[in-house]
Amino acid sequence: MEFRFKTRTKYLINTVAVLALYFFLMFLQGDVLTRYQSKMLIPVGIYIILAVSLNLAAGFLGQLPLGHAGFMSVGAYTAALFTKNVALPIAVSFPLGLLLGGIVAAIFGILIGLPALRLRGDYLAIITLGFSEIIRVIILNLDFTGGAFGLRGITRATDFTSVFICVVITIAVLHMLIKSRHGRAIIAIRENEIAAEATGIPTTYYKTLGFTVSAFFAGIAGGLYAHYLGILDAGTFGFMKSIEILVMVVLGGMGSMIGSVIAATGLTLLPELLRGFDNYRMVIYSLLLVVVMVFKPSGLMGTYDFSLSRSIESIINSRRRKAAKKEGVSHDSHT
Amino acid sequence: MTFLYQVINGLQVGSIYALVALGYSMVYGIVNLINFAHGDIIMVGAYCAWLAMMKWGAPPWISILFAIAFCTVLGMTIEKVAYKPLRKSPRISLLITAIGVSLFLENLAQLVFTANPQRFPTIVTLPSIQLGSRQLSATTIMTIVVSVFFMVVLSFLVNKTKMGKAMRAASEDEATAQLMGINVNHTISFTFAIGSALAAVGAILYCSAYTQLSPLMGVMLGLKAFVAAVLGGIGSIPGAMIGGLVIGLAESLTKGYISSQLADGVVFGILIVVLLIKPTGLMGRSMNEKV
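The shown structure was predicted, so the numbers you read here are calculated from the model rather than taken from an experiment.

Participant: Would you mind going over the overall build of chain A in detail, with residue names and values included?
Facilitator: Counting its regular elements, chain A contains 13 helices and zero strands. Against the 2.2 N^0.38 benchmark of 20 Å for 335 residues, chain A shows a C-alpha radius of gyration of 22 Å, consistent with a compact globule. Counting every position in chain A, which comprises 335 residues, the buried fraction comes to 43%. Sequence-distant contacts in chain A: of pairs separated by 6 or more residues, those separated by 24 or more amount to 81%.

Set out below in structure tokens:
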């Protein structure tokens, strides 16, 4: 008899693990890490949200969007303008602003997704790239976004706790989405779009859904980013930012959330770790990228996904099997 | 007169875009890869010419030949080292590799030549022509003439020679081409070589027009040339030429009459409209997916 946790126990295990991780990181920040190192945890969290959300559209839905930075910038500007112009205490306006940023980014996701998702493969990549460039040019030319001077004076409300909560929510929601009926439809579209359509999956609906959810979380990450830096410059949300996020997703493995998390953490920290070789760090970074792709094209993790409860289950099961075997052997020798 | 001037300017930029777009288009046609490193090959070509002229004191024509030769070898090397091992893997891995190569070239150039822009010497020293109240420089006319010349040569190469036939066959159906006795590996190398050589020519024309070069000059130029290739129908050679000219004209007219800041937006706007109306680009063939 294989051992299985009850669903409720699984939730309990995950909640405990998340809380343990939070307190562990808090402890690290307090005692082990320097001020500078603890500050690095915030961009790591923001990039995890971006990579995991892009993984939904790229890894699970099988599309190739190159405009993630566009959604991020929409979320960032929306959230920043909201907290700047609303007369509420920052503790209230900050979460509201993040939510609003996510919603506006999601609306842009629908607006861009509906026409763009008619195209496939590389054309979809190009058209999303085009849209995000247009968003950038428009932001640069509007007055209320600060134009080329950038948006200044945003309250720096993003701290470790808020980023951590957002990361947990993002991963939990996306995980539940993927494990649900809708998630299976999304994966079916990746595996074979024509076959999926033939079995009655409304492909346009699910493609737009995946795209929109992906944009929503990119918007939230943008809001966090805006309140982390305190100043926004439309130039930073260019084509290279989208590429940076895509690189994390592909390097970690398309369709592996743990892969995105590891790659986002690693790639955000790597340039910092290589600071000793300051001049060479970007050269090393790009060489590493090519080498990993040439030797492991499916990314570091492939499509493997980590589940704590499942790992515990398999450890318990293998122990039981071993114990049963031993018992069986001793039983045989007696007779 | 101003209108004519803007149009000629547009043709100048457009013909450079067209030359670069040809490289994207041919490579895409044959290996289905958006070669992101193409823009950076332009940058390398520009630095080669600059190095030969300013540091080693070589005459312009030798510098140009050096740049073309270096880019050709570079393009073929990149294909052999980075793209060939991935020919059977998912397309997105290939794309990320191309991005990696692009980042590598950019950062290497920043390391070697520093991030500061350099001044590119004038190559064409002919007198400029008076056009109404404006002056039309000889560089402008030279750019258009040289581009048209190379496009004609390329059309001849692709349509009339045996190698061109092999290229067309390989882009139509790689496996069948191989069965017909075509060495697909050589053909792909050759395609990269031609594309990179055209990029070097484009680099020298671009630097002559804007008189400066920097490690990141290839990014925006490459992106716009790529847009031109898609606009014309990726994989189609006449399409790349038309696409390049359309993008050049649109950009120049927007800069002249509306706002120079909006030029990039207009370029991408045109791209989106064309893709939505005719998803394969102006001259592209439509591909039906078989079950």
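Participant: I'd like a rundown of the overall build of chain B, residues and numbers included.
Facilitator: A count of helices and strands for chain B gives 11 helices and four strands. Against the compact-globule benchmark of 19 Å for 291 residues, chain B has a radius of gyration of 19 Å, which places it among compact chains. Seen through its C-alpha atoms, chain B measures out along the principal axes to roughly 60 × 45 × 35 Å. Look at the contacts in chain B between residues 6 or more apart in sequence, and 76% of them connect residues 24 or more apart.

Participant: Describe in detail the environment of B:I144, supporting the description with residues and values.
Facilitator: Residues and elements named next belong to chain B. Relative to the helices and strands, I144 resides in helix α5 (residues 138–160). C-alpha separation for the pair I144 and Q12, spaced 132 residues apart in sequence, amounts to 5.5 Å. Ignoring sequence-local partners within four residues, the contact set of I144 consists of L11, Q12 and S15.

Participant: Tell me about the UniProt feature "transmembrane region" (unreviewed entry) in chain A, and name the residues and values.
Facilitator: Residues and elements named next belong to chain A. Residues annotated by UniProt as "transmembrane region" (unreviewed entry) correspond here to residues 12–28, 40–66, 86–111, 123–140, 160–178, 209–231, 243–270 and 282–301. Along residues 12–28 one finds 100% helix and 0% strand; the C-alpha atoms at either end are 24 Å apart. Summarising residues 40–66: 78% helix, 0% strand, and an end-to-end C-alpha distance of 26 Å.

Participant: Hey, could you go over the environment of A:A80 for me, with residue numbers and the actual values?
Facilitator: All names here are of chain A. Here A80 is to be found in helix α3 (residues 68–85). You can call A80 buried: it has 28 C-beta atoms within 10 Å. Separated by 146 residues in sequence, A80 and A226 place their C-alpha atoms 6.3 Å apart. Contact partners of A80, with chain neighbours within four places excluded, come to L151, I154, A226 and L232.

Participant: Can you explain the interface of chain A and chain B? Please cite residues and give values.
Facilitator: Taken together, the contact pairs 31 residues of chain A with 33 residues of chain B. Counting only elements with at least two residues in the side of chain A that touches chain B, the list comes to α5 (121–141), α10 (239–252) and α12 (281–295) of chain A. When residues in the side of chain A that touches chain B are grouped by element, the largest group, 12 residues, is from α5(A). Along the lines of polarity and charge, the residues of the side of chain A that touches chain B split into 25 nonpolar, four polar and two charged.

What counts and how
- Residues numbered from 1 in each chain as written.
- Chains lettered and ligands numbered in written order.
- Predicted model: local features only at pLDDT ≥ 70, side-chain atom pairs only at ≥ 80, totals over all residues.
- Helix = DSSP H or I, 4+ residues; strand = E, 2+ residues; numbered from the N terminus.
- Rg over C-alpha atoms; globule rule 2.2 N^0.38 Å.
- Buried ≥ 20, exposed ≤ 12 C-beta atoms within 10 Å, placed from the backbone.
- Contact = placed C-beta atoms within 7 Å.
- UniProt positions renumbered as here; feature names shortened; annotations may be inferred.
- Nonpolar A, V, L, I, M, F, W, Y, C, P; charged D, E, K, R; others polar.

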